[in-house]
Amino acid sequence: MARHHYWFSACLVCVLASTGSAQTLRKAADRAGVLIGTAVRPSQFSERRYASVLAREFNMVEPEDALKWWVVRPDRHTYDFRAGDKVVRFAQAHQMQVRGHCLVWGRDNPDWLTRGHFTSRQLSHFLRDHISRVMKHYGDQVFAWDVVNEALDENGKLRDSIWYNQPGIGLAASGTAYIEQVFRWAHKACPGALLFYNEAEGETVNRKSDAIYAMVKDFKERGVPIDGVGLQMHISGNDIENESMTASISANIARLAALGIQVHITEFDVSVPVDSSGLASRDDLKQQADIYRGVVRACLENAGCTAIQTWGFTDRYSWIRSHSRGTRGQALLFDRDYEPKAAYQAVLSELSAGRVLSYPRSVHPSN
Ligand code: XIL
């Protein structure tokens, strides 16, 4: 009977989704009950087309760099929230949610910190103060934080970092204890915020995602306050088996969600090879659209996957060109002139199809 009920409401959702033609990602995502976000650079808000596409298509933003240590902490004594505040003001003006990124990372830290030869005691003090000051400054204006970013290497071992063991905050020989410590500090600073562990290259089932899974399972069993895992999802769109990749992503999302946490796709982009003028082949852009479609579907078919966020939205501004030294690019949903690409249509159609019908039985809450 309950199952009957479920299929009935599923069909209803299906009908609603197909008759009401959602013309933007944002409308379709609202209807599907998922957040659709993008990383943003506040220096671009003054560009009319940037601002209007952003407000029209997305219901969530995340500062791409504006809340990183090197921006917020120009020196030991200063907290500079100007860039982050611009993002929050834009979001408020357009009824968007804000994700915070990121409080603890071994990279993108200012020189005064990394070259300061501080003791573990001093670093522990700096980090606790940083987490508390930044989270309290934003309060409930930021609903979710990447508390820790990229703490694991490709084998699932903890990366060396200033916060872990170089010299670390005093928990260098204790595995994930330093991560546990900062989640506890974050929860104390802002009990209402959702706290995420964010990671690269742990999207499919592999050694790194096994380690993330084990850590989160341990944290949940011991009551460490963690609410979610962010899967960055920077994908190189050539050498991959599309279908088996998205099946593996879906399985990974399902096992994380089964621990009682949320999964956010946090930094989604699909880079493709580009020529010297920055242009990709039509075939690669088509394959890119298929990858976007597959990943969005993998999220929507898991109830615990609650947000899909791309790392920028226009090929005009993306970290990929410089990161790949000009060999890759065109990774996002809109081209350099803000025209929607095939990838955009793929994401829109997946979002418009809604999420209920696609639940595999094994992860639907009523099963
Ligand atoms: C990148 C930004 O996009 C660039 O603007 C910046 O120069 C370097 O950092 N994983 C992360 C992000 O968690 O913070 C990184 O962002 C991309 C990889």
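In case you missed it, the structure is sitting above this.
Parameters and conventions
Residues numbered from 1 in each chain as written. Predicted model: local features only at pLDDT ≥ 70, side-chain atom pairs only at ≥ 80, totals over all residues. Heavy atoms only, no water. Helix = DSSP H or I, 4+ residues; strand = E, 2+ residues; numbered from the N terminus. Buried < 20%, exposed > 50% of the residue type's maximum accessible area, 1.4 Å probe, protein only. Contact = heavy atoms within 4.5 Å. Expected span 1.5 Å × (residues − 1). Phe/Tyr/Trp six-rings, centres within 6.5 Å; stacked < 30°, edge-to-face > 60°. 1 Å grid on protein atoms, 1.4 Å probe; cavity = no way out; pocket = protein on both sides within 12 Å on 5 of 7 lines; lining within 4 Å. Points joined across faces, edges and corners; volume = space filled by probe spheres on them. Nonpolar A, V, L, I, M, F, W, Y, C, P; charged D, E, K, R; others polar. Near = heavy atom within 4 Å. Polar contact = N/O pair within 3.5 Å; in protein donor to acceptor, adjacent residues only side chain to side chain. Areas by Shrake-Rupley, 256 points an atom, 1.4 Å probe, with all protein chains shown as cover. Sits in = over half its atoms within 2 Å of the grid points. Salt bridge = Lys/Arg side-chain N within 4 Å of Asp/Glu carboxyl O.

## Some remarks on the overall build of the protein
When helices and strands are tallied, the protein shows 13 helices and 10 strands. Here the protein holds 367 residues, and the buried ones make up 55% of them. In the protein, the proportion of contacts linking residues at least 24 apart, taken out of those at least 6 apart, comes to 76%.

## Quick notes on helix α8 (residues 177-189)
Across its 13 residues, α8 extends 18 Å between first and last C-alpha, which sits within 8% of the 18 Å expected from 1.5 Å per residue. Taken together, the buried positions of α8 are occupied by A177, Y178, I179, E180, V182, F183, W185, A186 and A189. Those residues of α8 that are buried are in contact with β3 (97-105), α7 (120-138), β4 (144-149), β5 (194-199) and α9 (207-221).

## Section: the packing of aromatic side chains
The full count for this structure, using the stated rule, is 19 aromatic pairs. Ring plane angle 20 degrees and centroid distance 4.5 Å describe the contact between F45 and F90, whose orientation is recorded as stacked. With F45 in the loop between β1 (35-40) and α3 (48-57) and F90 in helix α5 (residues 82-93), this residue pair connects regions lying 45 residues apart in the sequence. Of the two residues examined, F45 and F90, each falls in the buried class. A ring pair is formed by W69 and W163, whose centres lie 5.2 Å apart and whose planes are at 45 degrees; its orientation type is tilted. Here W163 lies in the loop between β4 and α8 and W69 lies in helix α4 (residues 69-72), a separation of 94 residues in the sequence.

## Thoughts on empty space enclosed by the protein
Taken as a whole and assessed by the stated rule, the structure comprises one cavity of 30 Å³ or more. As for the largest cavity, its lining consists of R41, Q44, Y50, E64, G312, F313, T314 and Y317. The class makeup of the residues in the lining of the largest cavity is three nonpolar, three polar and two charged.

## Topic: the site of the ligand
Around the ligand sit 14 residues in total, of which E64, D65, K68, H101 and E267 are the nearest. Residue K68 places a side-chain N or O atom 2.7 Å away from an oxygen atom belonging to the ligand. One nitrogen or oxygen atom from the side chain of E150 is found 3.1 Å from a nitrogen atom belonging to the ligand. Against a free-state accessible area of 410 Å², the protein chains account for coverage of 84% of the ligand. Its atoms largely coinciding with the cavity grid, the ligand occupies the largest pocket. By residue class, the composition of the shell around the ligand is three nonpolar, four polar and seven charged.

## Describing the pattern of salt bridges
Pairing between side chains of opposite charge can happen when their charged atoms approach one another. Applying the stated criterion across every chain yields a total of 20 salt bridges. Put simply, R41 and E64 hold a salt bridge, and the shortest N to O gap is 3.0 Å. Placement of R41 in the loop between β1 and α3 and of E64 in the loop between β2 (60-63) and α4 is noted, with a sequence separation of 23 residues between them. The class of R41 is partly exposed, set by a relative accessible area of 25%. Residue E64 is classed as buried on the basis of its relative accessible area, which comes to 5%. For K217, the salt bridge identified is with E221, shortest N-O distance 2.9 Å. Within this pair, K217 and its partner E221 are both found in helix α9, separated by four residues, close to a single helical turn.

Interpretation in functional terms is not warranted from these geometric data alone.
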